[in-house]
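# Notes for the structure review
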Amino acid sequence: MIHNTLPAYTDFARALYDTGILDDAWLDGQPRFRLQGVVLSQAQAHALRRAAERVGAVYQELMTLVWDHPAWLDEYFCLTPYQKLMWFASQGRWHGIARADLFLCTGGRVQCCEVNSDTPSGEAEAVLLNRLLAAYHGAVHDPNRRLPGAFWRMLVASHGGHQPHTVGIVYPTELTEDLSMIALYREWLEAHGCQVVLGSPYNVHACQEGVGMFGIPVDLLIRHYKTDWWGERQGVWRDAEPYPDAEPLMPQLRLLLETEYAGRVTIVNPFGAVLSQNKLSLAFMWEEQQRFSPLAQRWIKRYIPETYRFTRMSQAELLAHRQDWVLKSAYGCEGEETICGPFVSDETWSEVVTKALPSFWVCQHFFHIAPEPQGALCNHGVYLVGGKSSGFFTRLAVAATDADAVTAPTFIATRKQV
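Quick notes on the rules
Residues numbered from 1 in each chain as written. Predicted model: local features only at pLDDT ≥ 70, side-chain atom pairs only at ≥ 80, totals over all residues. Heavy atoms only, no water. Core = buried A, V, L, I, M, F, W, Y, C linked by side-chain atoms within 4.5 Å. Buried < 20%, exposed > 50% of the residue type's maximum accessible area, 1.4 Å probe, protein only. Helix = DSSP H or I, 4+ residues; strand = E, 2+ residues; numbered from the N terminus. Contact = heavy atoms within 4.5 Å. Salt bridge = Lys/Arg side-chain N within 4 Å of Asp/Glu carboxyl O. Pairing = 2+ DSSP bridges. Axes fitted to C-alpha atoms, helices over the stretch in contact; angles between N-to-C directions. Expected span 1.5 Å × (residues − 1). Parallel < 35°, antiparallel > 145°, perpendicular 65-115°, else oblique. Left-handed = near helix turned anticlockwise from the far one by under 90°. Phe/Tyr/Trp six-rings, centres within 6.5 Å; stacked < 30°, edge-to-face > 60°. Lys NZ or Arg CZ within 6 Å of the ring centre and 35° of its normal.

Core analysis: the largest hydrophobic core is formed by 73 residues, its most contacted members being Phe77, Leu102, Trp230, Met285 and Phe292. Considering every element that reaches this core, the biggest residue donor is helix α2 (residues 42-68), with 12 residues. Excluding residues that lie within four positions of it along the chain, Phe77 makes contacts with Leu62, Val66, Trp72, Leu275, Asn278, Leu280, Ser281 and Phe284. In terms of nonpolar packing, the next biggest core, distinct from the first, is built from 42 residues, Tyr9, Ala13, Phe151 and Val385 among them.

What follows is the structure in structure tokens.
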């Protein structure tokens, strides 16, 4: 319930700019944010948090299974040589911070379409929108207030229980989408007395202490550069042009993996996320369900929509039942290379089904989302930090969550709702 009149959007944008973190309140001339927040009941928030943590536990079990069966890296997951190198060098470690994308569905179910465990984003929007707009929503709790502290404790735990002194943040400097998140991380780290160095993989070099950036040794590196970009780039379409930069970042990757293995630098998220980020993991949970513990099997059936490798499906089945399926590439993220059958035309669906390279795609059963009061479909991104739910990043869309989705603050009602 709105307690005070919401600010004018231009006034909100000015306050957002004043944070020094976010300065893009519009996208293509349209507002990026909805000022009216999504207010979850305590029961809804609990269900989403519990689902995220349980799905995270299933992923942990998956990683243990794959570590014990390395042949699956080729036979099932189709990893490239450098992707396998990342996996083995990380010794099965994959998690620091992740975001489980969850949906409240008709019938009260919670469904998880995927987990971004590689380079999860949205933290700046999640934290700052809540901070700026909480006062306009009456008796609510801000679930994102604890995200900075949880993130810091995770870094310290990853660093052997010691506070890092100099932190490097490696990200694709030519892209602007996540600059606000990088700026927020820098603010959080400097508040704990850390020196922060920003740069791309090409700014990483060897030094006497191990790894440096711009001549400054770093003892912890936050990796916000996707694992599939560090390794060999592979096309996922039959008619795709080869990537102009398809070769792996061999010198930088080798340096980081060797130095981390020697215990001279800590990397978050670990390069083992190359496996957990691969959506063939979701298919493995369904196709090889009997390999999981009884508890994990229950959670897979409860939270993960039926997902199968494209290679297990017939084109005729997919073409005849467009309304039932979603196609996802192994490493597509943030709506890219995700095609929801019910939201596209027969012509588009047919083109996707015939042009997709089956080895790099999964087919996930479509589920129906319960719209929020204003009719939008809510993607509740729940941040997992060290396996514990630590915040919400909610995006609203009329169909699939993509670049046109609008972000809204997320609050929890302070009183139980009957």
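Right, picking up where we left off after that structure.
Per the stated rule, a full pass over the model turns up 19 salt bridges. Across the salt bridge formed by Arg99 and Asp101, the nearest N and O atoms sit 2.9 Å from each other. Classification of Arg99 as buried rests on a relative accessible area of 1%. For Asp101, a relative accessible area of 5% corresponds to the buried category. A salt bridge links Glu287 to Arg312; the nearest nitrogen and oxygen atoms lie 3.3 Å apart. Taken together, the positions of Glu287 in helix α11 (residues 280-287) and Arg312 in the loop between β14 (307-309) and α13 (315-320) put the pair 25 residues apart, joining distant regions of the chain. Three or more residues joined by partner-sharing salt bridges are found here, namely Asp24, Arg32 and Glu125.

Turning our attention to unusual backbone geometry. What you tend to see is this: most non-glycine residues have negative phi, and most peptide bonds are trans. Look at the link from Val268 to Asn269: it is a cis peptide, with omega at -5°. Locating Asn269 in the fold gives a position in the loop between β13 (266-268) and α10 (273-276). The backbone phi angle of Cys78 is positive, close to 55°, even though this residue is not glycine. Along the chain, the position of Cys78 falls in the loop between α3 (72-75) and α4 (81-90). For Cys78, a relative accessible area of 27% corresponds to the partly exposed category.

Most of strand β5 (residues 110-116) is tucked away: 7 of the 7 residues are buried. Relative to β5, strand β4 (residues 97-104) runs antiparallel, the two sharing 6 bridges. Counterpart to Asp101 in the pairing with β5 is Glu114. Counting the residues between successive antiparallel strands, the hairpin from β4 to β5 contains 5 residues, one of them, Gly107, with a positive phi of roughly 85°.

This part is about α4. Taken together, the buried positions of α4 are occupied by Gln83, Lys84, Met86, Trp87, Ala89 and Ser90. Among the structural elements, α2, α3, α8 (227-230), α9 (250-261) and α10 are those in contact with the buried residues of α4. Looking at the residues trailing α4, positive phi occurs at Gln91, about 55°.

Let us now look at the sheet that holds strand β16 (residues 338-340). Within the open sheet, the 4 strands sit side by side as β14-β17-β15-β16. Their pairing is antiparallel. Looking at the sheet topology across the chains shown, the edges are occupied by β14 and β16. The average undirected angle you get between the axes of adjacent strands in this sheet is 20°. Here 5 bridges tie strand β15 (residues 325-329) to strand β17 (residues 361-365), and the two strands are oriented antiparallel to one another. Paired with Val326 across the two strands is Gln364, which belongs to β17. Across the sheet, α11 lies against β14 and β17, angled at about 105° from β14, the strand it touches most. The sheet contacts of helix α14 (residues 346-355) involve β15 and β16, and relative to β15 the element is tilted by about 45°.

Moving on, we come to helix α6 (residues 147-158). Its 12 residues give α6 an end-to-end C-alpha distance of 16 Å, which sits within 8% of 16 Å, the value for a rise of 1.5 Å per residue. Taken together, the buried positions of α6 are Leu147, Ala150, Phe151, Trp152, Met154, Leu155 and Val156. One or two steps after α6, the chain reaches Gly160, where phi turns positive at roughly 75°.

The sheet built from 5 strands is open, its strands ordered β5-β4-β18-β19-β20 with antiparallel pairing. In this open sheet, the two edge strands, each paired with only one partner strand, are β5 and β20 (406-408). Looking at each pair of strands side by side, their axes are set apart by 30° on average, direction ignored. One ladder, built from 3 bridges, connects strand β19 (residues 388-397) with β20; its direction is antiparallel. Note that in β20 the partner of Leu396 across the bridge is Val406.

Contact geometry for helix α1 (residues 9-18) and helix α5 (residues 123-133): axes closest at 11 Å, N-to-C directions at 125°. Put simply, α1 runs oblique to α5. The element α1 and its partner α5 pack so that their crossing is right-handed. Listed contacts from α5 to Phe12, Ala15 and Leu16 of α1 are Leu128, Leu129, Leu132 and Leu133.

The next point concerns the packing of aromatic side chains. This structure, assessed with the given rule, holds 21 aromatic pairs. Ring centres 5.1 Å apart and planes at 55° place the aromatic pair Tyr76 and Phe77 in the tilted group. Phe77 matches Tyr76 in its accessibility class, with the two residues each being buried. A cation over a ring is seen here: Arg223 above Phe271, with NZ or CZ 5.1 Å from the ring centre. Over the ring of Tyr243 we find Arg233; its NZ or CZ atom is 4.1 Å from the centre of that ring.

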